[in-house]
Amino acid sequence: MELRTTRELRRNEQLTKAMVKEKEGKGAAAPVQPKPARQAADKLTLSRQALGYLQEQSRLAWEREQRRHSRMDDSFSALDTAKDQLDAMEKKLKVMSKCQKIAASIMRGDRVPPEDMAYLMNNDPEGYKLAMAMRRENPDPEDCESVLDEEDRDGAACGAQGSACVEGAAAGGEASPEAAQV
């Protein structure tokens, strides 16, 4: 398909007429008809206004598409942010669940492993205070198993001191020789 503006067509038409007159004036032969360049091709002529309108519509369609892509990108980034928030909340929920189990054992008067005590002190200090204040005297305390995972024992116990801070707090400020070596 061939697109030409009206101005270009008028100019070509005027040139063609001028060439025909020129050839008629030189020779007495029959007038020469200009041969069309391509008869098989479709032609569309547009005025300047129509061409401007089409260009404006094309620009507006492109802008709409860009806004749509921008909204999609915003939606994807919002989903990523929401997923990150959900993961963080899930992690906090697991920590709080472990803290509640530890605090419940303390309140029953059972013996809790020192690393669990440290975990409770670090992650829920208010819960630790409440559990210690509500601790019941138990004549036959159970030895509770730790509710912590390996990663909780390694990294989150009491910073770099490990279980020494818990044993020190549980023994009235004095840490055991084992805790001093850690």
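Here, the structure is the one placed above.
These figures come from a predicted structure and were not determined experimentally.

1. Some thoughts on a nonpolar patch on the surface
There is a patch of nonpolar side chains on the surface, built from Met 72, Phe 76 and Leu 79 and spanning about 310 Å² of accessible area. Mapped onto the elements, Phe 76 comes out in helix H2 (residues 48–108).

2. Things to note about the packing of helix H3 (residues 114–123) against helix H4 (residues 125–133)
With their axes 5 Å apart at the nearest point, H3 and H4 run at an angle of 125° to one another. For the element pair H3 / H4, the angle class is oblique. Here H3 contributes Met 117, Leu 120, Met 121, Asn 122 and Asn 123 to the contact with H4, which in turn contributes Pro 125, Tyr 128 and Met 132. Partitioned by chemical class, the residues of the contact of H3 with H4 number six nonpolar, two polar and no charged.

3. Some thoughts on the nonpolar core
Ranked by size, the top nonpolar core spans 11 residues in total: Cys 99, Ile 102, Ala 103, Ile 106, Val 112, Met 117, Tyr 119, Leu 120, Tyr 128, Ala 131 and Leu 148. Elements supplying a minimum of two residues to this core: H2, H3 and H4. Looking at this core element by element, the count peaks at four residues for H2. The contacts of Cys 99, once residues within four sequence positions are left out, are Tyr 119, Leu 120, Asn 123 and Asp 124.

Conventions used here
- Residues numbered from 1 in each chain as written.
- Predicted model: local features only at pLDDT ≥ 70, side-chain atom pairs only at ≥ 80, totals over all residues.
- Heavy atoms only, no water.
- Patch = residues over 30% accessible without salt bridge, like charges linked within 9 Å, V, L, I, M, F, W, Y side chains within 5 Å.
- Areas by Shrake-Rupley, 256 points an atom, 1.4 Å probe, with all protein chains shown as cover.
- Salt bridge = Lys/Arg side-chain N within 4 Å of Asp/Glu carboxyl O.
- Helix = DSSP H or I, 4+ residues; strand = E, 2+ residues; numbered from the N terminus.
- Axes fitted to C-alpha atoms, helices over the stretch in contact; angles between N-to-C directions.
- Parallel < 35°, antiparallel > 145°, perpendicular 65-115°, else oblique.
- Contact = heavy atoms within 4.5 Å.
- Nonpolar A, V, L, I, M, F, W, Y, C, P; charged D, E, K, R; others polar.
- Core = buried A, V, L, I, M, F, W, Y, C linked by side-chain atoms within 4.5 Å.
- Buried < 20%, exposed > 50% of the residue type's maximum accessible area, 1.4 Å probe, protein only.

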